[in-house]
Amino acid sequence: MAILSVAGRRIMTFVTLVLLLCSTSVFSVPTGSGGSTSTKPFGTCKKIWVRKEWRDLTLVDRFQYLLAMNCILSKPGRTPRSIWAGAKTRYDDLVATHINQTFEVHYVGHFLPFHRYYTWTIEKMLRDEAGYTGAFPYWDWHRDVGVGTPGLAASAIWDGILGFGGNGDYLPVPPEQAGFAVPGRTGGGCVKNGAFKNMVVNLGPGKDFTGNGARCLSRDFSPYFAGRYLAKNQTKVTLQAKNFYDFDVVVEGGPSFEASGVHGGGHYSIGGTLGIMGDLYVSPGDPAFWLHHANLDRVWWSWQKLNYPARLTDFGGPSCLMDYYVPGKTQACPNATLDQPLNLGYADMVKANVGVKVRDVMNILDMCYDYDVLLNPNTL
Ligand SMILES: *[C@@H]1O[C@H](CO)[C@@H](O)[C@H](O)[C@H]1NC(C)=O
Ligand SMILES: *[C@@H]1O[C@H](CO)[C@@H](O)[C@H](O)[C@H]1NC(C)=O
Ligand SMILES: *[C@@H]1O[C@H](CO)[C@@H](O)[C@H](O)[C@H]1NC(C)=O
Ligand SMILES: [Cu+2]
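Residues numbered from 1 in each chain as written. Chains lettered and ligands numbered in written order. Predicted model: local features only at pLDDT ≥ 70, side-chain atom pairs only at ≥ 80, totals over all residues. Heavy atoms only, no water.

Our focus in this paragraph is the pairing of strand β1 (residues 49–53). One ladder, built from three bridges, connects β1 with strand β7 (residues 369–371); its direction is parallel. Opposite R51, over in β7, you have Y371 as the bridge partner. Bridge analysis of β1 against strand β2 (residues 137–138) gives two bridges, and the strand direction is parallel. Across the sheet, residue K52 finds its bridge partner in β2, namely P137. (Pairing = 2+ DSSP bridges. Helix = DSSP H or I, 4+ residues; strand = E, 2+ residues; numbered from the N terminus.)

This is the structure we're talking about:
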């Protein structure tokens, strides 16, 4: 115990040092993409960054990733307080833009493109503004969910020292949320260990931008929900979709818990009813969001690679919330196209004045990243 606490103090000193460097913007040297002569928003690639599973990162990279995340969680943001008083940090710039567009980027055709661009943006921010040089991590659900795995709650992702911290204490669902109890939920309280133990979620709950709802990072694990939607069988069904429209529908599922796909599967397994990841608006407030969304993006890229390059242009789905095509029903909006604009407001990391469209994010190699291992439905 004594040894641990000495080590703990050393880590604390290092954290303090990095945060100091972080706040003085030593790291604000752009790297990677962004060639000035290119008209493409992601420029020309100086290298391709290969994303890896969290547990395949070196211990040093894991440590540096958690430090870099803490860096953007503490450095001042760019959103004017006069616009959204609660958006205080660089990390809040990301969370705020997600809250602002909640009903424009979920249950629409451009859901996956938006979240691909969004996840690319935090990767770029961690590199250019917080000095991270390792691989960007994803969470391979199949290592923790299904027969022969440790199970969701025992995953090493949640390590209390070199990880994201675990579940919160069990709290009953208040009567007004009784209808939203995620089946099998086991927590709801604050995260008690790990790299984000003392984190404050400034924005939310829901679409509250004032900062008056500032609270701890909470989690509400549901191992049952993970078993239903994050095991290999669900991913297999997802990857068997014949076109993008069907793929998007099976990934997103419907808005009820019973109709979830792998997307909601990750959100509600970690966030349940009372955890940050379970809040549709403010879910990026939990740093575990990016691990889940990077894996979701890996599922999409795996699907695109199953019929490549044809699926680099296979895109469709509604442009407004839940406005899916149903035979005999008139859609309220036109379908989304490859020209659908994607916008990240004050969190944006591409060159100024270059609008990003869905077509720009269809090929991750244009965005200067790739994955080490892809999925195939025939081997799941
Ligand atoms: C996958 O298996 C789980 C656990 O047995 C089950 O609850 C779920 O319905 C299955 N999903 C599919 C798509 O077969
Ligand atoms: C939207 O796409 C669907 C599926 O491709 C198609 O059947 C439908 O006619 C399209 N709707 C509009 C408004 O173009
Ligand atoms: C919030 O979203 C609206 C609608 O998409 C957009 O017009 C506005 O610019 C966004 N605000 C900020 C500060 O990004
Ligand atoms: Cu989202």
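From this point on, the discussion continues.
Taken together, the side chains of F103, L280, L321 and M322 present a nonpolar region at the surface, about 320 Å² in accessible area. Relative to the elements of secondary structure, L321 occurs in the loop between α10 (288–306) and β5 (341–342). Take L321: its relative accessible area is 36%, and that puts it in the partly exposed class. (Patch = residues over 30% accessible without salt bridge, like charges linked within 9 Å, V, L, I, M, F, W, Y side chains within 5 Å. Areas by Shrake-Rupley, 256 points an atom, 1.4 Å probe, with all protein chains shown as cover. Salt bridge = Lys/Arg side-chain N within 4 Å of Asp/Glu carboxyl O. Buried < 20%, exposed > 50% of the residue type's maximum accessible area, 1.4 Å probe, protein only.)

Moving on to the pattern of salt bridges. Inspection of every chain in the model, using the stated rule, returns 20 salt bridges. The partner of E129 in a salt bridge is R90, and the shortest N-O contact between them spans 2.7 Å. You can see E129 sitting in helix α5 (residues 111–130) and its partner R90 sitting in helix α3 (residues 90–100), a full 39 residues away along the chain. For the pair shown, E129 and R90 are each scored as buried. In this structure, the salt-bridge partner of R127 is E123, at a minimum N-O distance of 2.7 Å. Of this pair, R127 and E123 both sit in helix α5, separated by four residues, roughly a single helical turn. Among the charged side chains, a salt-bridge network with shared partners connects E53, R55, D56, D140, R143 and D144.

Under the counting rule described, the total for this entry stands at three disulfides. A disulfide bridge connects C45 with C368, and the sulfur atoms are separated by 2.2 Å. Here C45 and C368 share a disulfide; its torsion about the S-S bond, -85°, makes the bridge left-handed. Taken as a pair, C45 in the loop between α1 (2–23) and β1 and C368 in the loop between β6 (356–357) and β7 lie far apart in primary sequence, 323 residues in all. Linked covalently through their sulfurs, C190 and C216 form a disulfide whose S-S length is 2.1 Å. The sign of the -85° torsion about the S-S bond sets the C190-C216 disulfide as left-handed. Of this pair, C190 sits in the loop between β2 and β3 (200–201) while C216 sits in strand β4 (residues 215–216), placing them 26 residues apart in sequence. (Disulfide = S-S within 2.5 Å.)

Before going further, it helps to examine the nonpolar core. Residues Y65, M69 and W290 are the most contacted members of the largest nonpolar core, which totals 92 residues. Listing elements by their share of this core, those giving two or more residues are α2 (59–74), α3, α5, α8 (244–252), α9 (262–271), α10 and β7. Ranked by size, the runner-up nonpolar core spans five residues in total, among them V182, Y229, F257 and Y268. (Core = buried A, V, L, I, M, F, W, Y, C linked by side-chain atoms within 4.5 Å.)

Surveying the vicinity of ligand 1 reveals the residues G227, R228, N233 and Q234. Here an oxygen atom of ligand 1 sits 2.3 Å away from a polar atom, N or O, in the side chain of N233. In isolation ligand 1 has 360 Å² of accessible area, and contact with the protein removes 46% of it. Those elements that provide at least two residues to the shell around ligand 1 are α6 (223–229) and α7 (232–239). A breakdown of the residues in the shell around ligand 1 according to their chemical character gives no nonpolar, three polar and one charged. (Near = heavy atom within 4 Å. Polar contact = N/O pair within 3.5 Å; in protein donor to acceptor, adjacent residues only side chain to side chain. Nonpolar A, V, L, I, M, F, W, Y, C, P; charged D, E, K, R; others polar.)

The next subject is the environment of R219. Secondary-structure assignment places R219 in the loop between β4 and α6. R219 gets classed as buried once you look at its relative accessible area, which sits at 0%. Placed 51 residues apart in sequence, R219 and I270 show a C-alpha to C-alpha distance of 6.1 Å. Within the structure, the side chain of R219 is placed 3.2 Å from the backbone oxygen of G166, a separation counted as a polar contact.

The three strands are arranged β2-β1-β7 in an open sheet whose pairing can be described as parallel. The sheet is open, and its two borders are formed by β2 and β7, each paired with just one other strand. Sheet contacts for α5: β1 and β7; angle to β1, the most-contacted strand, approximately 100°. (Contact = heavy atoms within 4.5 Å. Axes fitted to C-alpha atoms, helices over the stretch in contact; angles between N-to-C directions.)

Here the focus is the side chain of Q234. Structurally, the position occupied by Q234 is in helix α7. For Q234, a relative accessible area of 15% corresponds to the buried category. Residue contacts for Q234: discarding those within four places in its chain leaves R228, Y229, V250, S260, G261 and V262.

A separate point is the packing of aromatic side chains. Two aromatic rings are characterised by how far apart their centres lie and by the angle between their planes. Enumeration according to the criterion identifies 30 aromatic pairs in this entry. Measuring from centroid to centroid gives 4.8 Å for F225 and Y229, while their planes differ by 50°, and the two rings are tilted. Highlighted residues: F225 and Y229, both in helix α6, separated by four residues, approximately one helical turn. Each of the two residues, F225 as well as Y229, counts as buried. Pairing W301 with Y308 gives two aromatic rings, centres 5.9 Å apart and planes at 80°, and the pair type is edge-to-face. The exposure class assigned to Y308 is partly exposed, which follows from its relative accessible area of 34%. Directly above the ring of Y308 sits K305, whose terminal nitrogen or CZ lies 5.0 Å from the centroid. (Phe/Tyr/Trp six-rings, centres within 6.5 Å; stacked < 30°, edge-to-face > 60°. Lys NZ or Arg CZ within 6 Å of the ring centre and 35° of its normal.)

Running from N to C, α7 and α8 cross one another at 160°; their axes reach a closest spacing of 9 Å. When the interaxial angle is binned, α7 and α8 end up roughly antiparallel. Between α7 and α8, the residues in contact are Q234, V237 and T238 and F247, V250 and V251, respectively. Tallied by class, residues from the contact of α7 with α8 come to four nonpolar, two polar and no charged. (Parallel < 35°, antiparallel > 145°, perpendicular 65-115°, else oblique.)

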